Each structure stands twice: as structure tokens, then as C-alpha cells.
Amino acid sequence: MTDLATHQAKLAGHLARFRAGGILNLIDGQDVAGQDWFETRSPVDESLIARVALGTAETVDRAAQAATAAFQAWASLPGTARKAILHRIADGIEARAEEIALCECWDTGQAWRFMSKAALRGAENFRFFADLAPGARDGKSLPTPDHLNVNSRHPIGPVGVITPWNTPFMLSTWKIAPALAAGCTVVHKPAEFSPLTARLLAEICHEAGLPPGVLNLVNGMGEGAGRALTEHPDIRAIAFVGESRTGSAIMRQGAETLKRVHFELGGKNPVIVFDDADLDRALDAAIFMIYSLNGERCTSSSRLLVQDSIADSFHARLVERVNRIRVGHPLDPATEVGPLIHETHFDKVASYVALGQAEGATLAAGGTRVGETGWFLRPTLFTEARPDMRIAQEEVFGPFLTSIRFKDEAEALSIANGVAYGLTGYVWTNDLTRALRFSDRLEAGMIWVNSENVRHLPTPFGGVKASGIGRDGGDWSFEFYMEQKNVAFALGSHKIPRLGV
Ligand code: NAD
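Summarised in this report is the structure supplied together with it. A quick note: this is a predicted structure, and the numbers were derived from the prediction, not measured.

### Considerations on the overall build of the chain
Thought 1: For the chain, the helix and strand inventory stands at 16 helices and 22 strands.
Thought 2: The C-alpha radius of gyration computed for the chain amounts to 24 Å, which stays within 12% of the reference 23 Å derived for 501 residues, consistent with globular compactness.
Thought 3: For the C-alpha atoms alone, the extent of the chain along its principal axes is close to 85 × 60 × 40 Å.
Thought 4: Every one of the 501 residues in the chain was classed for burial, and the buried ones make up 56%.
Thought 5: Within the chain, contacts between residues separated by at least 24 positions form 74% of all contacts whose residues are at least 6 apart in sequence.
Thought 6: Working note: accessible area of the chain is about 19,800 Å², and carbon and sulfur atoms make up 54% of it.

Take a look at the structure:
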């Protein structure tokens, strides 16, 4: 049964132990309470879910020491052994997928229809990198007449993983699985708004036989535990997913210890609909890519660029559909949009509703709060926006779409590229040459033509401009978590320059 009441009953069972004992950190395989606690509350009704052990710089230091102590043994384990453990972790995630999804919905406000799949995607991420683990060290042989150059990859060392609150479980697996497959040890600092499923992941990893110290969990604030992790001398690299301005701060914080950084940051992604496109499919995809996951999605198509000749009819159909989107309890399988993560985030998104009206765009749908409890916002659509408006330039990160008209391809390209971000782009046209030309010139790390975002794990994932540095997926992940080493073996015959003879 997957109805709301059944989900609520099952969730209560899963939460009982956290209500009683709080959410603890996990360091070197041991539960660790903090000197202090903070609270995680549900965005559905603001009720307390659990108190959470507050990690400090001392907690991070303890975790970094554990990750350092565990590194050599984990890195020297044969890739096949790491592969087996990572597959066991995937088994554990699958076995507890329902629990993970229920907790994620309640902690973040994300709808069950999406989170039930996201939990399983987390298992897929582990399986994908498990299978790559045995070959992670492979390099090339590059011979010259005098030397045989042989290179190989080596895990960089203990790394820090800092994750945000949007789909936190899936995103954490995406970062942690390749790090572990590469042979790195990890200190994970999840977002303070959504600590629940990070704890489940750490437990699953240990139950699957991951040695103590290989994955350590430290909860806390960005400015506290997060900053300490980025400044810790034993942590060699930071994989970060979050806001662009936090990325800048982390770069500054990590400068002293020369941190390698991998950033997946914000976006203001365009969906560009030309008048020759399959407009039914374009409409479905445009709606899905901004209103699924509450719009709290880095790859969301938050700017609709629609060709003048079809704009009126496309907008009319859009308004009708947006007004029908079901806003409700995230554990109700019928719900399409749940509450926003937190009061502060709700206030931020709501402030853009006021801003859009002040800027002179047309509020065509939504924009109001639903109910008086929880952080529910009616799916919002602004039409007739100008490209220079703040609602067309800044990441809102909610169920909030800004539509801008364009006349021709040149204007569409200039509007699409005229923002600070460059994560994804979605191009809708049946003109093949235009699709090729446009996607070649569009400034984005990932582009889909006549499609919504469909992730294929071996492809590179990441953004350009303010949307990030580096790529995830396949071998790109290993390039971040590993160092290349080249060894040149002389064949004994080359001439060595002789000084002082
Ligand atoms: P955020 O930047 O506020 O926080 C992310 C994490 O960074 C949290 O764990 C936070 O505690 C930590 N943090 C904050 N300040 C820190 C500091 N000074 N030092 C170290 N750590 C610090 O982001 P958020 O609001 O949690 O997440 C939403 C953002 O994430 C959006 O901008 C979204 O686009 C982005 N995002 C990007 C991708 C991607 O793949 N490009 C994916 C998901 C989310």
C-alpha cells in the first residue's frame, strides 16, 4: 500500500529512534554526540523531527584524523574488494529504499513520486562506480626510443564532501560512491536542513562492511563544520554541491591548504522553444523540468524562451496546466509539488514573486502561499519578462518559471547566454541544422535537444561559468579523486649530459 496514511505510519516507525536519541555523527565507525545540538524540522508542518549532534571544528578534526588513519588500508585494497563492498552498499540502499524515501520526503518536502525513485538512483550510483573500481588505477604506457613511460592513477587521500538539501541522498551517493571506488576516504558534511538520510547512508555503508574511518559523517553548520572541513590540512580535496557564492567562499577558505575543488553550483537554465518544435512534448518537458522536485533542482529549466509566433498559445496551455499541478503532502503519492524546504527559503522564493510584479512581468499563475502551516507555494509562472529582469537572471530555486519571448534564433541565443550561469540548456526544434548550430553556441555544460534532463551516468555532468568547476560521471569523477603518476624507465642507451668532465 502506498497511500498517505500508510506512509505516515511507516515513517513514524522509522523516526522513533531518532526522536529518542537524536541524529548522531558517525566517526571511525562510532556514534558521536556533540556538545550541542541543532534541530531538523519538517517543512510540512514545522514539527520537530529530531535534534542533531552539532559538529564543530574539533569534531571535523577527529573525523579527518579517522579518515587519514583509514586511508592507506582502503587505498591499497584491490579494486575488486572495493567493488564488492560498494555493491553490498547498493544492496543495502535497495533494501531500505522505502525508509530512505519516506525520511527524505518528510525532511525536505520533496514529493514521494520523485523520492521513491531517487533512493533507487542512489543504489545505481553505487553499482555504477563499483564496477569501475577495479580499473580506476589504470593508466597508459607511453614509450619513446629511450624511455618507457608508464602512468597510473592513485587516490588523492582523505576528501571532504559537502552537500546541499535538495535531493540530498541521491546527491550524496553521487559524490561519495566515486570517492570510495577511487580509494579515497571521506568526511561528509550534509546540509543542516536535511541531515536524516545522510545518517541512513552512513549506517548502510558500515553495515555493508565499509571499514571504520573510510566514511565519516559530521553534521553541522556551513560556517562551522563546513568551513573547518575546507580548511583542514589533512583533507586533500573538497567535492561541493551548493550555491555559487558558497563555492567562492570555499575556494577562499581552501586556498591556504591548496585544496583541489570540484564545484556543482547554481543554474538559471533556459528551455528554448522554437515554433517548429513538437509543442506537446515541449510543453510536458518544460513543465516537468521546473515544477518537479519543487523546482529545487539545479538543472531546472527556470527560464522559458518561447518564440513570438507561438508564445500566446503556448502560454495559454502552460497556465492551464500549471494551475492544475497538485500541491500537497509530500508523502501523498498523488502530490506533484510539496512544501519548500524551510521558512527562510520560502521567504526568498516569495520575495521573487513580489520582485517580478515590481519589475513589470505578468504573474500568470500561482505566487501565493497554500495553507497557513508549512511552506507550500502555489506553482508560479511569470510571462512577458524581459531578459534583464532579476527574475530572469537570478536563481530562485523553487516552483517558479520566468517566460521571455524571442523573435529569432540570434535573439534566443543572446538571451540564453546572457546570464552568469551555464549548467544546462534544453533546445526544442525539429530543424536539425538549427539544433546543431544552437547547441554548439549555447553556453552550458549539458544540453538536451528535444528532451527533458535524462541522466546517463557515463556522461560528464557539470556546468560552465558560475555553474561549476569540474565534471562528474564515469572517468571524470576519478580524475578529481585521483592523482596521475608517471614513471619513466630508461632503456639504458640514451645520452646523459655530462657536466664537470
Ligand atoms: P548552500 O551553498 O547554501 O549549502 C550547501 C552546503 O554547503 C551545505 O552543507 C552548507 O552547510 C555548506 N556550507 C555553507 N557555507 C559554507 C562554508 N562557508 N564553508 C563550507 N561549507 C559551507 O546550498 P543549498 O542552499 O544547500 O543548496 C542549493 C544550491 O545548490 C542551489 O544553488 C543549487 O543550484 C545548487 N545545486 C547544484 C547542483 C549541481 O549539480 N550543479 C546540484 C544540486 C544543487
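And the narrative resumes.
### Some remarks on the pairing of strand S10 (residues 237-241)
Thought 1: In terms of burial, S10 is a largely internal element, 5 of the 5 residues being buried.
Thought 2: Residues of S10 alternate between two faces, with Ala-237, Ala-239 and Val-241 on one and Ile-238 and Phe-240 on the opposite face, all of them buried.
Thought 3: Where strand S7 (residues 159-162) and S10 come together, 4 bridges link them in parallel fashion. Paired with Gly-160 across the strands is Ile-238, a residue of S10.
Thought 4: Pairing between S10 and strand S11 (residues 260-264): 5 bridges, direction parallel.

### Some details on the site of the ligand
Thought 1: Near the ligand, the surroundings consist of 29 residues, among which Lys-189, Glu-192, Thr-246, Leu-265 and Glu-395 are the closest.
Thought 2: Within the contact set of the ligand, an oxygen atom lies 2.8 Å away from a backbone nitrogen or oxygen of Thr-163.
Thought 3: Between an oxygen atom of the ligand and a main-chain N or O atom of Gly-222, the distance comes to 3.4 Å.
Thought 4: With the chains in place, 92% of the 850 Å² that the ligand exposes on its own is no longer accessible.
Thought 5: At a threshold of 2 Å from the grid points, most atoms of the ligand map onto the largest pocket.
Thought 6: Counting residues per element, the ones that place at least two in the shell around the ligand are helix H8 (222-231), S10 and helix H9 (244-255).
Thought 7: At 4 residues, H8 tops the list of elements feeding residues into the shell around the ligand.
Thought 8: Here the shell around the ligand is built from residues that sort into 14 nonpolar, 8 polar and 7 charged.

### A few points about empty space enclosed by the protein
Thought 1: Summed over the entire model, instances satisfying the criterion amount to 3 cavities of 30 Å³ or more.
Thought 2: In this model, the largest cavity occupies a volume close to 50 Å³.
Thought 3: Lining the largest cavity we find Gly-267, Ile-290, Gly-295, Arg-297, Cys-298, Ser-300, Ser-302, Glu-395, Val-396, Phe-397, Gly-398 and Phe-400.
Thought 4: Here the residues of the lining of the largest cavity are counted per class, giving 5 nonpolar, 5 polar and 2 charged.

### Re the environment of Gly-366
Thought 1: Here Gly-366 lies in the loop between strand S14 (362-365) and strand S15 (380-383).
Thought 2: With 104 residues separating them along the chain, Gly-366 and Gly-470 place their C-alpha atoms 36 Å apart.
Thought 3: When sequence neighbours within four positions are dropped, the list of residues in contact with Gly-366 reads Asn-323, Arg-378, Pro-379 and Thr-380.

### Some words on the pairing of strand S4 (residues 48-53)
Thought 1: Alignment of strand S3 (residues 37-41) against S4, held across 5 bridges, turns out to be antiparallel. Along S4, the bridge assignment pairs Glu-39 with Arg-51.
Thought 2: What sits between the antiparallel neighbours S3 and S4 is a turn of 6 residues, in which Glu-46 has the positive phi angle 65°.

The rules we used
- Residues numbered from 1 in each chain as written.
- Predicted model: local features only at pLDDT ≥ 70, side-chain atom pairs only at ≥ 80, totals over all residues.
- Heavy atoms only, no water.
- Helix = DSSP H or I, 4+ residues; strand = E, 2+ residues; numbered from the N terminus.
- Rg over C-alpha atoms; globule rule 2.2 N^0.38 Å.
- Buried < 20%, exposed > 50% of the residue type's maximum accessible area, 1.4 Å probe, protein only.
- Contact = heavy atoms within 4.5 Å.
- Areas by Shrake-Rupley, 256 points an atom, 1.4 Å probe, with all protein chains shown as cover.
- Pairing = 2+ DSSP bridges.
- Near = heavy atom within 4 Å.
- Polar contact = N/O pair within 3.5 Å; in protein donor to acceptor, adjacent residues only side chain to side chain.
- 1 Å grid on protein atoms, 1.4 Å probe; cavity = no way out; pocket = protein on both sides within 12 Å on 5 of 7 lines; lining within 4 Å.
- Sits in = over half its atoms within 2 Å of the grid points.
- Nonpolar A, V, L, I, M, F, W, Y, C, P; charged D, E, K, R; others polar.
- Points joined across faces, edges and corners; volume = space filled by probe spheres on them.

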